[in-house]
Each structure stands twice: as structure tokens, then as C-alpha cells.
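Examination of the molecular architecture
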Amino acid sequence: MPTVSMTVNGKQVSADVSSNTLLVTFIRENLKLTGTHVGCDTSQCGACVVHVNGNSAKSCTMLAVQAEGAEITTIEGLAKGNDLHPMQKSFQENHGLQCGFCTTGMIMSAVDLVNKSDKLDDASIREGLEGNICRCTGYQNIVKSIQAAAKEMEA
Amino acid sequence: MTTETGIGASVRRKEDKRFIIGKGRYLDDITKPGQTYGYFIRSPYAHAKINSIDTSEALKAPGIVDILTGPDMEADGIGPIICGWGITSKDGTPHKAPAHPALAVSHVKYVGHQVALVVAETLQQARDAAELVEIDYEELPHVIEVGDALASDAPQIHDDIPGNLSFDWEIGDRAAAEQAIASAHHVTRMDLRNNRLIPNAMEPRAALGEYDAGTDEITLYTTSQNPHVHRLVLSAFNAVAPEHKLRVIAPDVGGGFGSKIFIYSEETVCAWATKKLDRPIKWTADRSESFLSDAHGRDHETHAEMAFDADGKILGFKVSTKANVGCYLSTFASAVPTYLYGTLLNGQYTMPAIYCEVQAGFTNTAPVDAYRGAGRPEATYVVERMIEIGAREMGIDPGEIRKRNFIPPDAYPYETPVIMAYDSGNYALAMDKAQAAIDYSGFEARKAESAQRGKLRGIGYSAFIEACGIAPSAAVGSLGAGVGLWESAQVRFNPTGSVTVFTGSHSHGQGHETTFAQIVSDQLGVPIDQVEISHGDTGKVPFGMGTYGSRSLAVGGSAIMKAIDKVVEKSKKIAAHTLEASVEDIEHSGGVFSVAGTDKKMTMAEIAFSAYVPHNYPADVEPGMDETAFYDPLNFTFPAGTHIAEVEIDPETGTTEILDWVAVDDFGNVINPMIVEGQVHGGLAQGIGQALLENCVYDKESGQLLTGSYMDYCMPRADDLPTFRVETINTPCTTNPLGVKGCGEAGAISAPAALMNAITNALGKEIDMPATPEKVWRAAQGL
């Protein structure tokens, strides 16, 4: 079994994994960081989105060994201690979640979307969420949450 | 009482914190010491006989614990999966339901049918071992569509059920409806298809069984909307364990939409197998399994005839429906196309005569059961498409024809010809507001503007009604329900004044931890951050019936109100004793108990402390402050409203853009407007999904599920949906103490008709759901 090492939420981690272990499995089973979810088998739903070297990535679509040496941020690493990320606060403030299952991936995607966009309007946010499925909210309050957080993050 | 957290305030949700920081605890997040992993071997065939199952090689595989099959379950006396609602056919015979073993014994009846459970130390080992199990199947003829299944030459699915017919049910007055149709000025006749859907809660179903040999107790963690119903059925019918030795825990559940009501094979098997193997066993569906084996929704073929007089007044309505129930009758499958469907065909209108008949047919497909709305979307679709088409045929404005037929606001209680008694409503008010919001009178100008750009613009109504707050136990009992449909609540004060509320309702996205806390905070003056809502664990909460049918607030919330009443009654006695007054003189408001006409008073917190430290205490009052109530509703509730959709179609590409959506709903009193709006948004997304995108397709030739992944089954994405404009009107429900009606299903019930009315208005011709670009393009091109 190959040994894989990476930095997850600022901590150096290392483990022996099968070569076919998915990054999401490594995060959930080895690191017990269960905030990253698995909602499909085909890389469509986005419940598993984490940041790999600052880019959002579907962790069900990467092998753990592909993340060798990478800097990973999961939902558990987004807040600074008790100080929630503006995107997290905004989802609560704008009722951007219901059952919460897609939420962690949705927030991680949204942070990356805002970080990489100069100007986000309703249409570009909706387009940017193409890779994340929510069955509860009808997306309206997710869009609202991202708009509000974007303002906060720019400030 | 602080209004910021009381009834009517958009309080931000208490439960959100754990979800936004990744600390939600969904089933797959739970791991037990010594846990094994279960993997289900499923049928690759739509219909086949199992000649043999050879597990010998697989049992030598690395990490294997055991492989369990249907005969193993039978040998242990585990009973079959049951249907909990009895339907009586026209001829007086009870519905026919085939025996449904949790693991197939001799035959498989659909692709995805559970055949064996492979248990291993890791999931990968279980999957690998499953590859080594050799099953000899002998394929048999299958049938997929309900119309085909009920035809005389159809393959026989169950030996003991001739013609694949579960029941042939009716409601209403056939002769009166036919008479009205025969003598009418105009009759609208239509065949309508209500497409089959797959619910797709984002958290897949899962189960984790854990057996404690020391206490002989099984704990089943499962993705359930009603853990006590799971425990009851698994004990009383499946004989997995006696009820007092089975604890069912539904932790954070990631959406349900009906699909997690039912008692499925997988949790039954895990609950049984954990004791048999004396190891914890976890099974989590992958998405492919969810598509194959979650109970599907809808799937009706309907012929309807609506009779009108010359003014467009409805004289009679006759509906014949064939309902596909899949290969077995799921937990509430028989109630959905009958008492949740035929009883709502009256809509918001005065209809002198209604008749509905429903034939439920078995097919070689996954079981079909309640999915968000459950019968009521199907009814609304038939009613609201028929009146719209009737208006078109008669040259009457579609808003106007509805107004001519609305039950007037002074006609309540209003008894329909299909056994419902509506308690309250104001349908014209909702429509007026919706028409004003969307600028209905400006539509023709907008349509002309679209036409100049080569686009087809359409507008469509849906004036829906639903029966929620399910339900008065005596009423549903008389209609065949095997259970009562009350709800429980326990309001427990701690000595320091904080409160834990135990509710039989179950939240899987609805926000009960906030809404219910608002009620307690409002009524008893406890700061909302000192109110905790506990649910989902049969080891903690009183027996309860769970969450479905938009019932949690109307029934579960009402149970909390009843428990609060008991707290207030007891508190008055304690206050009277302490303040040296008579009980009759104690007045209560928002957690303050005062002696009338004086400034003497006690707070709820002081009274709770006194109840636990009863040094100066009335002799005839028990210590403690912990009150339980059970609430059985007097009637269903009847949320209703008008939705108007406006669309623009590109005839060159067949794409439909939803330009505007106005929803004006009457949910009675509203506890948390923010949460209510969110529920409407979500329901609309699912209803629009049905009308525009989603469709479950089995291949008729092979019986394979063609739409078995998110690459094949089109879920609504953010850019498929518009920004909804949601308003409420509030005529309080007269039959529950909160005056609430329920909001969870409204969007899914109303949306398909509104959208299809808009699309067909734009096209000038009829098409069935889903209105895919190809279908729309063909219609627009006249093909």
C-alpha cells in the first residue's frame, strides 16, 4: 500500500492507503472528517467538494494518492476557530440550507466561486453552481447567501 | 414576550450551526466499534426465477463475515415487508398484496431487487466477495407500464394475483357524474400522464444495526422520517425484535420527501443480521442503489372528463386512473392513488358531481409510494389541467373560469362530494393577489413583444388545494389505515428553567428545531436559546408518528401546544400557592404568572425551580415540571393557493425559460415566514423538475432502469430555476390550536399544472410532462 502525505486543514497527515482509495474516502474514513459527504457515484452532486491547493475539487473524483503533497481544506477547516467564514454565516443568515447534506460542498464551491470571480450576478452564480445539486432549497436562498457573502468577502 | 423569537418571526435556524461547520451527524458519519459493512446483491433482471445461489467461493474471500439470503431470513421467522393501508375494491374485496420477503426467496421482480447481503470487514471486501457469489437466474417475461400490466395478455408477475391488479377502487357518485356529462353544454375530455419520478433526497438511504448481547437489545440507526413507525412495524410484523428490545434512531437525515417514510428491505435485513452475526453492520446506498430501490413516485395514466354549463360552471367530473404501484405494495402505496388522490379532485371549486375510479397495477419496477405531495400533485394536475383546457375550449379566460367556480369564502365548512370537509379558505383573494403580482392584464402586451423576437410566451395557472395535517385517526382508520395519525410532545423543564421538548415529529430539513422552539419560547417566555428540540430516537421521545404529509406543525406543533397547556395549568397551581392567591386569580401571559389586580407575580423559571425544589409547595400537586400530550387532529387541514407561471419558449431550440413565478399560498397562521418561504421554494423546484426535467424511464424491452444516475435522470440545477415570488395569505385553520395548515408540499403539488398550463398556452397544443426541449420543439414545429 502506498503512503500518502498531505496537509489537511493546516495539519500534516500521512497514511498507508490502497492505490484505489478515493480522496473523499481518505478524508471521511481515515481522517474522520465527516463534513465532506458522498451524494452520488458520478461526480454530479458536489456534496464532496473540498479545496485542493486553493481550487475546489470533487473529492470523489480524485484518488487519495493524487493529493500527495497537496494543501487540502475541508468544511471543517473553513472557519478560523470559532470565527465562521462569511460564506458559512451567510448561509445561516439567508436560510441557504434545509437538510444540510449538500451544504458543506455547496459552501466550499461557493467560496471558490466568489474567490475566482470579479463580478457575480444572479445568472453567473446559478451557472457557477452547475456542479452542485440541492434537492431542498430550490437554490433561491443559496444564490442569495452567495451574493451576500460575496459582498462581505470583498469588503 | 420578545417578538424577535416568537410566533411569526423569521428566526434564523438553530440547527444550522452544525451543518455549516461540517458537524452534522448523518448516518454514514456514524461508525461503531467492530463495525462490519453490508453490501446488497441485487437482481440484474426485471423478472426471474432464482434457481440457485452459490456462496461457496465468496465465503472464502478475504475479510468475509457472512452472506445472508432470503431463506436464512425465513428460517429465522422474519416476516415479510408489509403495506399498512387496506383498500377495498368496488366489489367489496380487499386489495391484493403479494408476499414481499425482505430478501428474495424464489423470484426477483424488478431490477435492483434485494437478493443477498454480503457482510465483510470493509466495504471493498464486501463488494469484492459479492462478485464471487454465483446466482443462477431463469429469466421470465416482464411488464413495465401499468397500462400494459393491466391488459389481458400481460405477463403474470405474482402467481396469486390474477391480471396484476391490486385493487379497483372508486369514490364519488358515478351515475350523477355521468348524468352531468351527458347533459352538459360542454365536455372537456383528456388523457393525462403523470410521469414517474425518483425522489432523490441528497443523503442516500442507509442503515446501521448494532446488537448488544448483554441486554439483548438491537439499535437500528436508519434514515427514517418516522422512527417509531419503523420500530413498530419491524417488531410487530417483521418480528426482528420485541418492541421494547428495539431502539430506532434517525439521526440527522438529509432530506426525505416521502422516500424515507417506508420500511424497506435493507434496514429490516440490517436489524436482523446484526443480532445473527453479533456485529454492527452498516449499509449505505450508493446513488445507483437509491435510483433502483428507493420507492418511486407518481406514475398515473388518467382519462378525465369535465362537464361545464354555458357559463363555464363545472357540472360534473369523471376520472379514470391507472396507477403503477411497482412490483410490491410499499408501506403506504395503496393510500396514495386513492384517499390522497380521489378525495382532492374537487379542487377549490363547487362541483355538484364527482366520480373517480382507480385501478392499481403491479409491474416489474421498483415499488411506488408517497413522494412529496403524494396523490395530491396527481389530483391537482388533473383538476387544474382540465379546467384550463375547458376554459380554452370554451373561450373563457382561465382566471375567470376559476373565479366563477371557486367555493365562496362564506361557504365553510364546505363538504365536497368526495368526503372532504374544507374548514376555511379564500381562494379568490389568493388569485387576485397572484394576478396583481404578475400583472396579468399586461400579459398580452408581453406576449406580443416576445412574438416580435420570434419567441412564444405563455402564462398558466394552478389553483391548488391539498389535504394536510394528516390526519384524524378515526377518519383514516375508517378508510383503511393500519395506524393512528396523532402526534406526541413532551415539554420537560429543567430545574434551572431551560426546556427540552421531545417530539414525535422528525425534522430532515424542515427546521423543527427552530419552529417548535419558537412556539415554546413564545408561549412560556423561555429564551429561545434555552429551548432544545429532541427528535428521532425511540429511546428518548414518546411514541410518535413522524413527519410526512405536511403534518409536523399542524399535528406535532399542536401536540406541543397541548403539553404547554398542561404546563400552564400546573404552573398556575404552584403560583397560586406561592403567592397565596386562589388558582382562579392567577393570570398567565408569556411565562409570567400574576395575581389579577396586584403586582404579585412569578416567572416560569421560578415556578420550574419550585417544582423541582418543592420546599414551599402545594400539597396536592406533584413535583417536577414535565408534561406530555398526545394530539389527534379533528380534521385534515386544507392549504390552498394560486400559482401563476409565465414562460417563454424558443421554437427553434425547444427550450423553455421560466420568466416569472408568483405563488400566493394560504397556509393559515405562519410561525416562521423565512422557513415557510424556503419550503415553498423547495417544493416548487421539485414540481418544476417534474414538469420540465425529471422522468423515470425503464426500458420496456429489457426492464432495465435507463435513468439510473444523475447523468441520465435530470435533476433541477440552479440555472434551471427562476427567482420565485412567494406571498402568503392567512386564513387560520379552524381545527387546530395553532391555526396552521402546512406548507411543505404546496410547491410540488401546484407547480406541474401551472407550468404545463403556461407551456401549452404558449405552444397552442397539448404535450405531456416532462416538457423536454425535444418535445417542446416538436410541438412548436408542428411535428
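Residues numbered from 1 in each chain as written. Chains lettered and ligands numbered in written order. Predicted model: local features only at pLDDT ≥ 70, side-chain atom pairs only at ≥ 80, totals over all residues. Heavy atoms only, no water.

1. Looking at the sheet that holds strand β3 (residues 49-52) of chain A
Residues and elements named next belong to chain A. Within the open sheet, the five strands sit side by side as β2-β1-β5-β3-β4. Their pairing is mixed. Unpaired on one side and paired on the other, β2 (11-16) and β4 (55-58) mark the two borders of the sheet. Averaged over all pairs of adjacent strands, the angle between their axes in this sheet comes to 40 degrees, without regard to strand direction. Pairing between strand β1 (residues 3-8) and β2: six bridges, direction antiparallel. Each residue of the ladder has a partner; that of valine 4, found in β2, is alanine 15. Across the sheet, helix α3 (residues 103-116) lies against β3, β4 and β5 (71-73), angled at about 45 degrees from β3, the strand it touches most. (Pairing = 2+ DSSP bridges. Helix = DSSP H or I, 4+ residues; strand = E, 2+ residues; numbered from the N terminus. Axes fitted to C-alpha atoms, helices over the stretch in contact; angles between N-to-C directions. Contact = heavy atoms within 4.5 Å.)

2. Observations regarding the nonpolar core
Nonpolar side chains in soluble globular proteins tend to end up buried together. All names here are of chain B. Membership of the largest hydrophobic core comes to 214 residues, with the highest contact counts inside it found for Phe317, Trp661 and Ile759. Discounting chain neighbours no more than four positions away, the residues touching tryptophan 661 are His643, Ile644, Ala645, Leu684, Ile688, Pro722, Phe724, Arg725, Ala751, Ala754 and Leu755. Formed by 45 residues, the second largest nonpolar core is a distinct cluster that contains Val11, Ile528, Ala576 and Val740. (Core = buried A, V, L, I, M, F, W, Y, C linked by side-chain atoms within 4.5 Å. Buried < 20%, exposed > 50% of the residue type's maximum accessible area, 1.4 Å probe, protein only.)

3. Quick word on the side chain of Thr74(A)
Residue and element names in this part refer to chain A. As for its position among the elements, threonine 74 is in the loop between β5 and α2 (86-93). Reaching out from threonine 74, the side chain makes a polar contact with the side chain of glutamate 76 at a distance of 2.7 Å. When residues no more than four places from it in sequence are discounted, the contact partners of threonine 74 are Val8, Asn9, Ile27, Leu33, Thr36, Val50 and Met108. (Polar contact = N/O pair within 3.5 Å; in protein donor to acceptor, adjacent residues only side chain to side chain.)

4. What to know about the pairing of strand β27 (residues 656-666) of chain B
All names here are of chain B. Of all the 11 residues making up β27, nine are buried; the element is thus mostly covered by neighbouring parts of the structure. Hairpin remark: strand β26 (residues 640-649) followed by β27, antiparallel, with six residues in the connecting loop; positive phi at glycine 654, about 75 degrees. Pairing geometry for β27 and strand β28 (residues 725-729), over five bridges, is parallel. By the bridge assignment, aspartate 666 is partnered in β28 with isoleucine 729. Following the chain from β27 across helix α17 (residues 673-693) to the adjacent parallel β28, one finds a crossover that is right-handed. (Right-handed = clockwise from strand over helix to strand, strands pointing away.)

5. Comments concerning the pattern of salt bridges
All names here are of chain B. Here the structure, examined in full by the defined rule, presents 55 salt bridges over all chains. One salt bridge connects arginine 193 with aspartate 299, and the closest N-O pair in it is separated by 3.2 Å. Here arginine 193 is found in strand β8 (residues 186-194), whereas its partner aspartate 299 is found in the loop between α8 (287-293) and β13 (300-308), with 106 residues between them in sequence. Here arginine 193 falls in the partly exposed class, since its relative accessible area comes to 23%. For aspartate 299, a relative accessible area of 3% gives the class buried. We note a salt bridge from arginine 551 to glutamate 487, for which the minimum N-O separation is 3.1 Å. In this pair, arginine 551 sits in the loop between β21 (531-534) and α15 (552-578) while glutamate 487 sits in strand β19 (residues 487-493), placing the two residues 64 residues apart along the sequence. Side by side, arginine 551 and glutamate 487 carry an identical accessibility label, which is buried. Taken together, the salt bridges that share partners define one network made up of Asp439, Arg446, Glu449, Arg453, Arg457, Glu646 and Glu648. (Salt bridge = Lys/Arg side-chain N within 4 Å of Asp/Glu carboxyl O.)

6. As for the domain arrangement of chain B
All names here are of chain B. Taken domain by domain, chain B holds domain 1 (16-22 + 486-631), domain 2 (32-140 + 202-255 + 260-293) and domain 3 (300-471 + 635-780). Contact residues are listed per partner, giving 27 residues for domain 2 and 29 residues for domain 3. Roughly 2500 Å² is buried in total at the junction of domain 2 and domain 3, and carbon and sulfur atoms are behind 69% of that figure. If you sort the residues of domain 2 by the area they bury against domain 3, Trp85, Phe262 and Phe291 come out on top, with a joint share of 25%. Remark: the boundary between domain 2 and domain 3 carries one salt bridge. Taking the shortest distance from any N to any O, the salt bridge between lysine 90 and glutamate 357 comes out at 2.5 Å. At the junction of domain 2 and domain 3, the tally comes to eight residue pairs in polar contact (both at pLDDT 80 or more). For the side of domain 2 that touches domain 3, a count of residues per class yields 17 nonpolar, six polar and four charged. (Domains from an automatic or database assignment. Buried area = accessible area lost by both parts, 1.4 Å probe. Nonpolar A, V, L, I, M, F, W, Y, C, P; charged D, E, K, R; others polar.)

7. A look at α17(B)
The end-to-end C-alpha distance of α17(B) is 29 Å, a good match for the 30 Å that 21 residues give at a rise of 1.5 Å each. Two or three places before Met674(B), at the opening of α17(B), Asn672(B) has a side-chain oxygen 3.0 Å from that residue's backbone nitrogen. (Expected span 1.5 Å × (residues − 1).)

8. What about the interface of chain A and chain B?
Contact with chain A, which involves 43 residues of that partner, is made by 52 residues of chain B. Carbon and sulfur atoms make up 52% of the area that chain A and chain B hide from each other, which totals about 4000 Å². In this assembly, chain A and chain B are joined by four salt bridges. For the pair chain A and chain B, the number of links is 27 residue pairs in polar contact (both at pLDDT 80 or more). At the level of secondary structure, the elements contributing two or more residues to the side of chain A that touches chain B comprise α1 (23-30), α2, α3, α4 (122-128) and α5 (140-154) of chain A.

9. Examining the packing of helix α14 (residues 512-524) of chain B against α15(B)
Residue and element names in this part refer to chain B. Their axes nearest at 10 Å, the elements α14 and α15 cross at an angle of 30 degrees. Taken together, the axes of α14 and α15 lie roughly parallel to each other. Judged by the sense of rotation from one axis to the other, the crossing of α14 with α15 is right-handed. Residues His512, Thr515, Phe516, Ile519, Val520, Gln523 and Leu524 of α14 touch α15, and the partners they reach there are Ser552, Leu553, Gly556, Gly557, Ile560, Met561, Ile564, Val567 and Val568. Class assignment of the residues belonging to the contact of α14 with α15 gives a composition of 10 nonpolar, six polar and no charged. (Parallel < 35°, antiparallel > 145°, perpendicular 65-115°, else oblique. Left-handed = near helix turned anticlockwise from the far one by under 90°.)

10. Quick look at the packing of aromatic side chains
In this description, a pair of aromatic rings is defined by centroid distance and the angle of the planes. Residues and elements named next belong to chain B. Enumeration according to the criterion identifies 17 aromatic pairs over all chains in this entry. Centroid distance tyrosine 414 to tyrosine 422: 6.4 Å. Interplanar angle 40 degrees. Geometry classified as tilted. Judged by its relative accessible area of 15%, tyrosine 414 is buried. Classification of tyrosine 422 by relative accessible area gives buried; the value is 0%. Judged by centre distance (5.2 Å) and plane angle (70 degrees), the rings of tyrosine 440 and tyrosine 461 are edge-to-face. Highlighted residues: tyrosine 440 in the loop between α11 (427-438) and α12 (443-452) and tyrosine 461 in strand β18 (residues 456-465), separated in sequence by 21 residues. Relative accessible area serves as the criterion here: at 0%, tyrosine 461 is assigned to the buried category. Its guanidinium or amino end placed over the ring of tyrosine 264, arginine 205 lies 3.6 Å from that ring's centre, counting from NZ or CZ. (Phe/Tyr/Trp six-rings, centres within 6.5 Å; stacked < 30°, edge-to-face > 60°. Lys NZ or Arg CZ within 6 Å of the ring centre and 35° of its normal.)

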